[in-house]
Structure formats: C-alpha cells, structure tokens
Amino acid sequence: MEKFLIRGGIPLRGEVTISGAKNAAVAIVAATILSDEPCVLENVPEIRDINVCIKILYEMGASIKIIDKNTVRVDPRGISDPVVPYELARAFRASSYFLGTLLGRFHRADVPMPGGCDLGDRPIDQHLKAFNILGASHSIDGGVVSLRAEQLVGSQIYFDLVTVGGTINAIFAAVKADGLTVIENAAKEPQIVDVANFLNSMGADIMGAGTDVIKIRGVKYLKGVTYGIIPDPIEAGTYMVAAAATKGDVLIKGVIPKHLESITDKLRKAGASVEEFDEAIHVHAEGRLMKTNIKTQVHPGFPTDMQPQFSTMLSTAEGVSVVTDNIFTNRFRYVNELRRLGANITSESSTTVIIEGVPELSGATVKATDLRAGAALVIGGLMANGTTVVEDIFHIERGYENIDDKLRSLGADIRRVNDYDSGRMAV
Ligand code: EPU
C-alpha cells in the first residue's frame, strides 16, 4: 500500500494550476450516455473516480478514446444493455448518476447501490422520488437498484432537502422526457450549472440552474459537442488552505474566484491575505492565524468538502474555534487522526467539534479515512514539525490529480512510498 511521507514545517511558495472539477466531471462523463452522437470532454481530471466512470462506460459498450491525459472522446452509441457492473458501481458515490442517465436514454437502468466515502448515512430516497414522479417504478433487489418506465413525462419535483446528486439525477431523467419538468428546492452548487451548460450545449432546454428552481423542457435529440469542465473549487480551496496553514505564499491559477467566495471570506477572517484576480487567487499568511467559527452549508455557504482541511488549519490558530457540519452525519472521522499530530480537538456532538489552537503540530503516522479527511491530514503533515506518514492514500487519489507533484512544485517535502520503502526508512 502506498503512503505519503511528509517532512513538514516548510511554507508553500510558488504557483499551482487547478485541475477539472471531480464532482462536475463524474456527472458529465456519465451524462455522455444521453448524447445521440460522440462527445469530447476537456479538462477531465486524471483521478481514480473518473477512471472508474470511464471504465463503466467502456464495459457497457461505449467507445472510449483517451486523446490526452485530460481529454477523452466518448461515443455512447454502442451501449445496448443499461446494466452497470457490480464491483465498479460500488467503488464510488457518483455511480448513482448512471441511474438518471440510463433511465433518460433507455427508460430502464440496473445500477448497484452506490458506494463512495463513508460520511455516515447516504440514502438515495430523493433520487428515487424524482424518478417516480417522472413515471419510473423502482425496486431494490440483491443490492441493485432497478428502474423501469414505459414513458417519462415532465412533472413538478419538490425535494424534501437540498441534494446535489438528486438534483443532477432529476435533470438527467427529465432532459429527454415529454414536456416540462420543474425542480424546486434544487441544489445550486457550481457542478449543477456545469452539467446544465453541458446538456444545453448539446441542445437541451434547461433554465435556472444555479438557482433553487430549475425548469427543463424535454427534447428528443442531443448532439455531440466538445466541452471543457470547470476548475475544481474544492481542489482550489484545499491549496488555498494549505498555503495559509503553512504560512506560505501561493498563486492558485486556473480558478473561478466566484466559486471560492465562502472559503476566501473565512480565510480572511482567520487572518490570511487573499487577493482575487480574473482566473487566479493569491493566498499569503504570516504569523499565527486566528480562531474562526465554521458552519457548513449548501452552496453558496461554506462547503462540507472543505471542512476537514479548514479544521486542520485551525488546529494551530490562536484561540478556540467551533466547527459545525450538518450536511453529513459523520464528517469528523479525521479528528482522531489529527489528535495524533497533537491537535486539541474535542467533539461537542456528532456534528460539532471544538478546536483549541495549539502552537504547533508534530509529525506522526496517520490514516486517511476518506477523500477530504486524507487531504486534511496531508495539510496537517505539511504544518507539523518532523515526519508524518499518511496511510491509505488511495482515498486521496480518488479526487486530487497529482497532489504530491503539485505540492512538491510548491516546495513541500512529500514523497510517495510503499510499505517496503517506509519500513526501510524507519530502520
Ligand atoms: N440525502 C438524502 N437523500 C437523498 C440524497 C441525499 O437524505 O436522496 C442527504 C445526504 O445523506 C446528505 C445530504 O442529503 O446528508 C446532502 O447530500 P447530497 O445529495 O447533496 O450529496 P451527494 O450528491 O451524495 C455530492 C458530492 C459530495 C459533497 C456533497 C455536498 C459528488 C459525487 N459528491 O454528494 O462530495 O460533499 O455533494 O456538497 O458530487 C467529496 O467530493 O468529497 C464529496 C463527498
């Protein structure tokens, strides 16, 4: 098993370019199924979740051409059997997007229950509610969700809670349905807008993406397009926080600063200097940061996907910070690991932690428990004095393209080692 070995205490300095957004790309790659012609996707991040997504398309019969490491051509016309292979679907959460896309194109889908990061309970009841309203029946047997519809007919969908995946899946099922679908209480995350822009460029009729009411008028045909995926706001936010946490000075390039406003605001409150440019953001910090309270919210609030990284940064801030995350039931699995680095964090409840800033962290062996927890522990390792080993880095590779190369280019001392190498290091 590979691990990261980090010698911390070095401020990050220099420039880093952000890759395409994981959570937009997983949806858009799956959405090529709805196209009646081949599509070329650009700025596709080279990460594990995307590899799985592409493999699912290939195994179902799509022709795939990898043009370069971030560009892929998908011809979905060879897919004839809308059944997603069991082991692949269980590897990640975004396999749920094959429910909406296969239903939209074939009026039937068999997709194993999605896997993904263990962040607590992750039901798909709202996805199923949307499919049912549009005319599909569902059953769950042997861990496989089956959808069947004679016809999909546009209707009104009101979500009981704001769900990113549910909103995107409802769009997928509605885009070729007969008539008008209105989604209310829709999610507003940047990836919703990116998915709608992709489908509209193919000839779909989707209005209101990015607001909480989305209207979709079904169309019969979607043409092939070349489409570039938005930069990853969470990858950008992770480098912003890493820069501030190491008292560094980093220009983060190829970003949409508007998508980062809640992170920018909290970093400034913590005492970092953040300067916005058209497509870049400059983060600089000196001295000790200050306590800052965080409460995660749906977009445009502070994202749950940045909570572990920000909490790690706050572990050496002056004063006591309160961090609340209500989006998932278990997004604090990294806290025990952070304590190994010397952080003083106590759980107030399952959704709130209290962080009493300590002057410094010290290196230790820690384990990534999920994607963002893993990114947080890498930041912890960069902040800590001495050597930190981050185990189970496959979680991190699900969502960060070349994180070790990118950090090294900023001056970090981070190396990828396997069990044998790290054993030798310890001797
Ligand atoms: N929920 C339900 N029923 C549903 C759907 C969701 O109760 O049918 C609940 C969830 O359990 C959760 C809340 O609603 O408590 C929000 O879930 P949402 O559906 O918005 O999340 P998701 O679509 O499963 C995506 C991202 C996550 C990100 C969340 C929130 C992808 C592949 N995943 O998940 O990303 O945290 O939105 O923004 O897009 C990550 O990248 O590390 C990650 C976990």
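As shown above, the structure is provided for reference.
For the structure given in this document, a descriptive report is provided here. (Residues numbered from 1 in each chain as written. Predicted model: local features only at pLDDT ≥ 70, side-chain atom pairs only at ≥ 80, totals over all residues. Heavy atoms only, no water.)

Looking now at the packing of helix α5 (residues 125–133) against helix α6 (residues 164–174). Remark: α5 packs on α6, axes separated minimally by 8 Å, with the N-to-C direction vectors making an angle of 20 degrees. One element, α5, and the other, α6, form an angle in the roughly parallel class. Here the hand of the crossing between α5 and α6 comes out right-handed. In this structure, α5 contributes His127, Ala130 and Phe131 to the contact, and α6 contributes Gly165, Gly166, Asn169, Ala170 and Ala173. Here the residues of the contact of α5 with α6 sort into four nonpolar, four polar and no charged. (Axes fitted to C-alpha atoms, helices over the stretch in contact; angles between N-to-C directions. Helix = DSSP H or I, 4+ residues; strand = E, 2+ residues; numbered from the N terminus. Parallel < 35°, antiparallel > 145°, perpendicular 65-115°, else oblique. Left-handed = near helix turned anticlockwise from the far one by under 90°. Contact = heavy atoms within 4.5 Å. Nonpolar A, V, L, I, M, F, W, Y, C, P; charged D, E, K, R; others polar.)

Opposite charge on two side chains permits pairing when their charged atoms draw close. The final tally for this structure, using the stated rule, is 26 salt bridges. Put simply, Arg48 and Glu397 hold a salt bridge, and the shortest N to O gap is 3.4 Å. Taken together, the residues Arg48 in helix α2 (residues 48–60) and Glu397 in helix α13 (residues 394–397) connect sequence positions 349 residues apart. What makes Arg48 partly exposed here is its relative accessible area of 40%. With a closest N to O distance of 2.2 Å, Arg416 and Glu397 form a salt bridge. Taken together, the residues Arg416 in strand β23 (residues 413–417) and Glu397 in helix α13 connect sequence positions 19 residues apart. By relative accessible area, which is 16% here, Glu397 ends up buried. (Salt bridge = Lys/Arg side-chain N within 4 Å of Asp/Glu carboxyl O. Buried < 20%, exposed > 50% of the residue type's maximum accessible area, 1.4 Å probe, protein only.)

Surveying the vicinity of the ligand reveals 22 residues, the closest of which are Asp125, Gln126, Thr163, Asp305 and Ile327. Between the ligand and Asn23 there is a distance of 3.1 Å, counted from an oxygen atom to a side-chain nitrogen or oxygen. With the chains in place, 91% of the 830 Å² that the ligand exposes on its own is no longer accessible. Mapped onto the shell around the ligand, the elements with two or more residues apiece are α1 (22–31), α5, α6 and α12 (371–383). In terms of residues, the shell around the ligand owes the most to one element, α5, which gives three residues. Counting residues domain by domain, the shell around the ligand receives three or more from each of domain 1 (3–19 + 231–426) and domain 2 (22–228). (Near = heavy atom within 4 Å. Polar contact = N/O pair within 3.5 Å; in protein donor to acceptor, adjacent residues only side chain to side chain. Areas by Shrake-Rupley, 256 points an atom, 1.4 Å probe, with all protein chains shown as cover. Domains from an automatic or database assignment.)

Under the counting rule described, the total for this entry stands at four aromatic pairs. A centroid spacing of 5.3 Å and a plane angle of 80 degrees characterise the contact between Phe302 and Phe310, whose relative ring orientation is edge-to-face. Phe310 sits in the buried class, given a relative accessible area of 0%. (Phe/Tyr/Trp six-rings, centres within 6.5 Å; stacked < 30°, edge-to-face > 60°.)

On to the side chain of Thr167, then. When you line up the elements, Thr167 lands in helix α6. In contact with Thr167, other than residues within four places in its own chain, are Phe159, Ile183, Ala186, Ala187, Ile192 and Ile214.

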